[in-house]
Structure formats: structure tokens, C-alpha cells
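Reading the structure
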Number of protein chains: 2
Amino acid sequence: MKIYEDDLAPSCRRVRIFMAEKGIDVSGSKVGILQGENLEQEFLSINPYGLLPVLELDDGTRICESVAICRYIEALHPNPPLMGTTALEQAFVDMYDRRSDFDGILAVAEFFRNAIEPLAGRVVPGVRGTEQIPALIERGRQRTLIFFRHMERRLADRDYLATDRFTNADITAMCAVDWAEFAGLDIPADCPSVQRWYGQINTRPSAQAWPGMKVLAARG
Amino acid sequence: MKIYEDDLAPSCRRVRIFMAEKGIDVSGSKVGILQGENLEQEFLSINPYGLLPVLELDDGTRICESVAICRYIEALHPNPPLMGTTALEQAFVDMYDRRSDFDGILAVAEFFRNAIEPLAGRVVPGVRGTEQIPALIERGRQRTLIFFRHMERRLADRDYLATDRFTNADITAMCAVDWAEFAGLDIPADCPSVQRWYGQINTRPSAQAWPGMKVLAARG
């Protein structure tokens, strides 16, 4: 197996943390999103959607979408379970994973991708010709704040988002918070439960599995 | 079990088709999105995210997010399988379900929610104070066209999107196409494979399981 990935993308970080929790490591092939390499023909022949990450199996089969890659790994390596073991747990993991994706990752993306110069003209991931819209910077900021508020309510009396243990939903939310902080949208002071949760899961060895974004942040 | 749902929302239609394929019917409680009922306190006490559908179990537990509801039903009623049976099938269903969601449902939503008067001020589902942005109408149209093109490529030599049989990915894509047609964004003439696929899955009894949107369309 090998994985096509980018040092900046939270979607790639999600998969690397998931794999680290399972004790899995695979070789990586870098594709630079800021450089536009994901929209060049070479990569489009690998994934026509122009998106990262892509997991390539030894027989050449390619799985795209972070959640699909995680689903595949969960089925082959069920322990420790990261996507729930009962019907209800599985549903709750999907539910909070998706909210973390829509309210977290997509909100920060809206803020970030409409603001920075290298992504001008490709605001929608994988789609050339989508121009930056200044009003979406502020909307992305507002949506990220709403994400934090929903997290705060949910985490007020719990350690983890979806079930009684660490799951894929925490990984997605963590990558959203990482990215928010990288983009300058810190956890608000009135969200102490989110701060506690974030501080706690950041001590997991898996959080260091793929330091790409933190390296970039340290560089300024 | 009961389900909170809206006659218009494709997310609700997804769950009803999924249930019909499994031979399951549950009572429904209507919440009007166009009327803003999903953002009133009564419904926010049921789902703080203000989103539909919500599946309520007999013990009062609530599952939000269409994909999470489907995951729960799949675990309890595995036949016929709609989310894959092998690790690779499960990954492929998630992969094409997610693309149908992001490229299809979200694209049509961008077109539709920025255009119609009743949704002014709540363009982002569940979020008050998000104003319509005229430029997003055209962007939504372009993204929907890209969705059709990706579908065409994938379906050129296959009957179903994700695996060799009908799955949840086809349901999501079908609801995206339904909604696109309702919004006036028809399947382009140069996408014959999508037209063939759509015509074929529309003959399934489940397609009629929840005629809300088609009723609305017939009303004009």
C-alpha cells in the first residue's frame, strides 16, 4: 500500500492519525495542493476528482476520500475500534464525524481557501475556476465559531465526542481544530471543554504521527 | 421509532429510500424547512444542529445525519446490503456516497439555497444569519455540471456507482439528481450514461417510497 498525500491538508492528517492509532504505517507520495499539483494531469490520472488523500493498494486499486480509507482500514484491522462496535456506536461515530467535517473542516476551509493567495481560482477543492469570494472569509469564521459552540455543548460532560472512547469523530474534529488554530481561529475562551478535550487528545502518540501541519505552523 | 423529516429535503428522501429498500416503514413527524420550523426552539431541543432528518428510537435516543441513520439501519437489518459487504465494497460505497454528497447535494444546495426567497438569511443549513450570495448561484450550477460529468465518466461502463449492485451511493446520487432536476438543472444531453442509470433506478419501487419532492414538482 502507498498513500498520496499533502503536508498541509487536514484530510490527509485524519488518515495518518487513524493509521497510527491502528499501528499501521505506509509509504507516502507527496502531492502539493498549494502548488496545484493535485490538479495537474499526472495526478488527475490517479484521482479524477483531484483530491487527496488516495490510498493505493498493491493491486493498483485506489480508494479516495479520507472516511472511505478509514472504513477500509477499520474492516481489515478492527482493533482498536475507531468507528464503533455496536449499531448505535457506529451511527454516533458517523454522526459526529460528519458534523466535524461539515461544521469544522468545511468552515475552516471556507475561511482559509477564500483568503490565501495560492488558492485563488480554486476555492472549491479539486475544481479549477472557482474564484475567491471575500464575503466567505467572514462566513467561514462565523461557522467555525458555531462549530466550537456545538463542540462545547457536547463535550461539557464527556471526554470524547461520539462514544465513551476515542473514535474517528475525535480525529476529524481534532484535525478541524488544528487547522482552525493554524489559520488563526483559536478555540474561544468560553469553550473550556473543547480546550480540555483538545489538550487531552493532543497527548496521544498518534497526534504526532504526521506533524506536517505543525511543522508548517512552527515555520510561521 | 419515528423520524422527523421535511417533504422537500433530499437528506430526508435518502433515508426513506434506504428504509424502503430494507422493507422498513416508520411514522414521520413533519418539520418545515422552508417555514423555518427547523430553527425554532421546539425542534432545536430535539436536534441542536437544526438539521433533518432525525431518527428517534423508542428509548428516546436520537440519531441525526442521514448517513448515520442509514448506518444504524444497515447494522440492524443487513439484508439486502446497501453499504457493501467486503472491506473494499464498504470503502467504495463510502467513497461514492461522499462524492455524491459533496459534488451533488452540496452543489445543488449552493444553487438552490442562494436563489430562493424563503431561504434568505439561512443559506447554510441550520445556521441563521447566513445571507444569500448571488455569485454562489452560478457556482452551484457549475459544480452541479461537474458532478454530472464525473458521474458520466464513472457510469460509462457500469450499472451502479460504487459496486456491482445498487447501494447507498446510488441513493445519494439519485437524490442529488432529483433535486437538481427539481431546481431546473437537468442531466445534460452529453451525459447519456447518467440518463440511463437514472431512468433505471427510478423504476425501483423504493424510488416512490417518499414522493414528497415529486409531489412538490408536480405542483410547480
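**Focus on the interface of chain B and chain A**
With 45 residues of chain B at the interface, the matching set in chain A holds 45 residues. Summed over both partners, the interface of chain B with chain A comes to about 3800 Å²; 69% of that surface belongs to carbon and sulfur atoms. If you sort the residues of chain B by the area they bury against chain A, Y49, R98 and R139 of chain B come out on top, with a joint share of 17%. Run the count over chain B and chain A and you get eight salt bridges. The residue D94 of chain B makes a salt bridge to R71 of chain A at a minimum N-O spacing of 2.6 Å. Seen at the junction of chain B and chain A, the total is eight residue pairs in polar contact (both at pLDDT 80 or more). Taken together, the elements giving at least two residues each to the side of chain B that touches chain A come down to β4 (62-64), α3 (66-76), α4 (87-113) and α5 (134-155) of chain B. No other element matches the 14 residues that α4 of chain B contributes to the side of chain B that touches chain A. Among the residues forming the side of chain B that touches chain A, the class breakdown is 26 nonpolar, six polar and 13 charged.

**Description of the packing of helix α4 (residues 87-113) of chain A against helix α6 (residues 168-182) of chain A**
Residues and elements named next belong to chain A. Running from N to C, α4 and α6 cross one another at 15 degrees; their axes reach a closest spacing of 8 Å. The orientation of α4 relative to α6 falls into the category roughly parallel. Every pair of crossing elements has a handedness; the one defined by α4 and α6 is left-handed. In this structure, α4 uses V93, Y96, D97, S100, D101, G104, I105, V108, A109 and F112 to contact α6, whose residues at the interface are N168, A169, T172, A173, C175, A176, W179, A180 and F182. Looking at side-chain class alone, the contact of α4 with α6 contains 13 nonpolar, four polar and two charged residues.

**Focus on the environment of V54 of chain B**
Residues and elements named next belong to chain B. Position of V54 among the secondary structure elements: in strand β3 (residues 54-56). A relative accessible area of 0% means that V54 is categorised as buried. Each C-alpha atom, one on V54 and one on S29, is 9.7 Å from the other, the two residues being 25 residues apart in sequence. Setting aside residues up to four positions removed in sequence, V54 forms contacts with K2, I3, Y4, F43, I46, N47, R62, I63, C64 and I69.

**Digging into the pairing of strand β2 (residues 27-30) of chain B**
Residue and element names in this part refer to chain B. One ladder, built from four bridges, connects strand β1 (residues 2-5) with β2; its direction is parallel. Bridge assignment links I3 to a residue of β2, and that residue is G28. Each parallel crossover has a hand, and for β1 linked through helix α1 (residues 10-22) to β2 it is right-handed.

**Remarks on the side chain of R99 of chain B**
Among the secondary structure elements, R99 of chain B is positioned in helix α4. Apart from the residues lying within four places of it in its own chain, the contact partners of R99 of chain B are Y49, L51 and E65 of chain A together with G104 of chain B.

**Focus: the relation of the copies chain B and chain A**
Of the transformation superimposing chain B on chain A, the axial component is 0.0 Å and the angular component is 180 degrees, with the fit at an RMSD of 0.0 Å. Given the turn and translation reported, the copies of this chain are related as if by a two-fold rotation axis. Scanning chain B for the C-alpha nearest the rotation axis identifies I133 of chain B, at a separation of 4.6 Å. By residue overlap, the copies meet face to face through one surface: 100% of the interface positions of chain B are interface positions in chain A.

**Considerations on the pairing of strand β1 (residues 2-5) of chain A**
In the sheet, β1 of chain A pairs with strand β3 (residues 54-56) of chain A via three bridges, with the strands oriented antiparallel. Its bridge partner being in β3 of chain A, K2 of chain A is matched across the sheet by E56 of chain A.

**Side note on the domain arrangement of chain A**
Accessible area lost when the parts come together is the quantity often used to give the size of an interface. All names here are of chain A. Taken as a whole, chain A is organised into domain 1 (2-76) and domain 2 (87-205). Relative to domain 2, the C-alpha centre of domain 1 lies at a distance of 20 Å. Taken together, the contacts link 20 residues of domain 1 with 23 residues of domain 2. The contact between domain 1 and domain 2 buries some 1700 Å² in all, and 61% of this surface belongs to carbon and sulfur atoms. The three residues of domain 1 that bury the most area against domain 2 are P10, R14 and L39, which together make up 35% of that side's buried surface. Here E21 makes a salt bridge to R204, at a shortest N to O gap of 2.9 Å. Summed over the shared surface of domain 1 and domain 2, the number is eight residue pairs in polar contact (both at pLDDT 80 or more).

**Quick word on the pattern of salt bridges**
Within this structure, the stated rule accounts for 42 salt bridges over all chains. Taking the shortest distance from any N to any O, the salt bridge between E138 of chain A and R141 of chain A comes out at 3.0 Å. Taken together, the positions of E138 of chain A and R141 of chain A, both in helix α5 (residues 134-155) and three residues apart, correspond to about one turn of that helix. Since its relative accessible area comes to 37%, E138 of chain A is described here as partly exposed. One salt bridge in this structure joins R14 of chain B and D101 of chain B, with 3.4 Å as the shortest N-O distance.

**Concerning α4 of chain A**
All names here are of chain A. Over its 27 residues, α4 extends 36 Å from the first C-alpha to the last, a length consistent with the 39 Å expected when each residue adds 1.5 Å. At D101, α4 is bent by approximately 30 degrees, the largest bend along its length. Across the 27 residues that make up α4, a large majority, 23, are buried.

**Remarks on the side chain of E74 of chain B**
All names here are of chain B. The residue E74 is located in helix α3 in this model. Of the polar contacts made by the side chain of E74, one reaches the backbone nitrogen of M83; its length is 3.0 Å. Apart from the residues lying within four places of it in its own chain, the contact partners of E74 are F18, K22, P80, P81, L82, M83 and G84.

What counts, and where the lines are drawn
- Numbering of residues starts from 1 in each chain and follows the order in which that chain's sequence is written.
- Both sets of labels track the order of writing: A upward for chains, 1 upward for ligands.
- In view of the model being predicted, local features appear only for residues whose pLDDT reaches at least 70, and side-chain atom pairs are presented and counted only at 80 or more, with totals across whole chains, interfaces and linings using the full set of residues.
- Hydrogens and waters are ignored; side-chain quantities use all the structure's heavy atoms.
- Residue contacts are counted whenever heavy atoms from the two residues lie within 4.5 Å of one another.
- In short, buried area is how much 1.4 Å probe accessible area vanishes from two parts on joining, totalled over both.
- We define a salt bridge as a side-chain nitrogen of Lys or Arg found within 4 Å of a carboxyl oxygen belonging to Asp or Glu.
- Polar contact criterion, stated in full: a pair of N or O atoms within 3.5 Å, where within protein one must be able to donate a hydrogen and the other to accept it, and residues adjacent in sequence count only if both atoms are side-chain atoms.
- Numbering of helices and strands runs from the N terminus; a helix is a DSSP stretch of H or I covering at least four residues, while a strand is a stretch of E covering at least two.
- By the convention adopted, Pro, Cys, Tyr, Trp, Phe, Met, Ile, Leu, Val and Ala count as nonpolar, Lys, Arg, Asp and Glu as charged, and the other residues, Gly among them, as polar.
- Note on geometry: axes are lines fitted to C-alpha atoms, helical ones only across the stretch in contact, with angles between N-to-C directions running from 0 to 180 degrees.
- Roughly parallel covers angles under 35 degrees, roughly antiparallel covers those over 145, roughly perpendicular covers 65 to 115, and oblique covers all other angles.
- Helix crossings get a hand from a simple test, with the near helix turned counterclockwise from the far one by less than a right angle marking a left-handed crossing and a clockwise turn marking a right-handed one.
- Burial status follows relative accessibility: with a 1.4 Å probe on protein chains alone, a residue under 20% of its type maximum counts as buried, one over 50% as exposed, and anything between as partly exposed.
- By this definition, two strands are paired if DSSP reports at least two bridges between them.
- Throughout, right-handed denotes a crossover for which the path from the first strand over the helix to the second runs clockwise when the strands point away from the viewer.
- Overlaid copies result from least-squares superposition on C-alpha atoms, with residues included only where pLDDT is at least 70 in both.
- Where each domain starts and ends comes from a domain assignment, either automatic or drawn from a database.
- For a helix, the expected span equals 1.5 Å multiplied by the number of residues minus one.
- In this scheme, the bend at a residue equals the angle between the axes fitted to the seven residues that finish there and the seven that begin there.

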